[in-house]
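# Breakdown of the fold
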Amino acid sequence: GEPTHDSRRWLSHLNNIAMSLALALLVCLLAAGGFLFILWCSLRWWSRTSAAAKPLSRTLANCETIGFFHPYAYAGGGGERVLWCAIKAVQEHHQGVHCVVFTGDKGVTP
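### Considering the overall build of the protein chain
Helix and strand counts for the protein chain come out as 3 helices and 2 strands. When its helices and strands are written in sequence order, the protein chain yields α-α-β-α-β. Relative to the compact-globule value of 13 Å for 110 residues, the protein chain shows a C-alpha radius of gyration of 29 Å, a clear excess of over 25%. Sorting the 110 residues of the protein chain into buried and exposed places 9% on the buried side. Contacts spanning at least 24 positions in sequence make up 61% of the contacts within the protein chain whose residues lie at least 6 apart. When the 9 positive and 6 negative side-chain charges of the protein chain are each reduced to one mean point, those points stand 9 Å apart.

### Here's the deal with the environment of H70
Within the secondary structure, H70 is located in the loop between β1 (65-69) and α3 (79-93). Judged by relative accessible area, which is 17%, H70 ranks as buried. For H70 and F102, which are 32 residues apart along the polypeptide, the C-alpha to C-alpha distance reads 6.2 Å. Excluding its chain neighbours within four sequence positions, the residues that come into contact with H70 are G79, E80, L83, F102, T103 and G104.

### A look at the layout of surface pockets
Approximately 190 Å³ is the volume attributed to the second largest pocket. What lines the second largest pocket is K54, L56, S57, L60, V100, V101 and F102. Elements that contribute at least two residues to the lining of the second largest pocket include exactly α2 (55-60) and β2 (98-102). In terms of residue class, the lining of the second largest pocket is built from 5 nonpolar, 1 polar and 1 charged.

### Points about the nonpolar core
Grouped together as the largest cluster of nonpolar side chains are 5 residues: F68, L83, I87, V90 and V97. Ranked by residue count, the leading element in this core is α3, at 3 residues. Not counting residues up to four positions away in its chain, the partners in contact with V97 are E64, I66 and V90.

### Re a nonpolar patch on the surface
Residues F35, L36, L39, L43, W45 and W46 make up a contiguous nonpolar surface patch of roughly 720 Å² in combined accessible area. Secondary-structure assignment places W45 in helix α1 (residues 5-52).

### Looking at the pattern of salt bridges
The tally for this structure, following the rule as stated, stands at 1 salt bridge. One salt bridge connects E92 with K88, and the closest N-O pair in it is separated by 3.8 Å. Placement of both E92 and K88 in helix α3 is noted, with a separation of 4 residues, approximately one turn of the helix. Owing to a relative accessible area of 44%, E92 belongs among the partly exposed residues under this scheme.

Conventions we followed
- Residues numbered from 1 in each chain as written.
- Predicted model: local features only at pLDDT ≥ 70, side-chain atom pairs only at ≥ 80, totals over all residues.
- Heavy atoms only, no water.
- Helix = DSSP H or I, 4+ residues; strand = E, 2+ residues; numbered from the N terminus.
- Rg over C-alpha atoms; globule rule 2.2 N^0.38 Å.
- Buried < 20%, exposed > 50% of the residue type's maximum accessible area, 1.4 Å probe, protein only.
- Contact = heavy atoms within 4.5 Å.
- Lys, Arg positive; Asp, Glu negative; His and termini not counted.
- Charge placed at Lys NZ, Arg CZ, Asp CG, Glu CD.
- 1 Å grid on protein atoms, 1.4 Å probe; cavity = no way out; pocket = protein on both sides within 12 Å on 5 of 7 lines; lining within 4 Å.
- Points joined across faces, edges and corners; volume = space filled by probe spheres on them.
- Nonpolar A, V, L, I, M, F, W, Y, C, P; charged D, E, K, R; others polar.
- Core = buried A, V, L, I, M, F, W, Y, C linked by side-chain atoms within 4.5 Å.
- Patch = residues over 30% accessible without salt bridge, like charges linked within 9 Å, V, L, I, M, F, W, Y side chains within 5 Å.
- Areas by Shrake-Rupley, 256 points an atom, 1.4 Å probe, with all protein chains shown as cover.
- Salt bridge = Lys/Arg side-chain N within 4 Å of Asp/Glu carboxyl O.

Encoded structure:
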């Protein structure tokens, strides 16, 4: 029934090991979180500085701009008509607003 002195010492030793492992895990998680945060900040900075250097970014700077996302705007599936009707409506009712289409198509020019 009653735990012996050796078993109490063994349980205390296991408790110390468990606490050490928990602390090591916490340190690893904090380090990984810090690394991911620094990586995210770096990628965000790089993305903004590289985008700002592009001619389109300079052209649209300080202009009211609306973006449309259409993954395959050049596929000919019929959704393009809806897209272009939406762009036409925006341009008719809001003169001076620039419309930008984000697409997954490659090698297509405006």
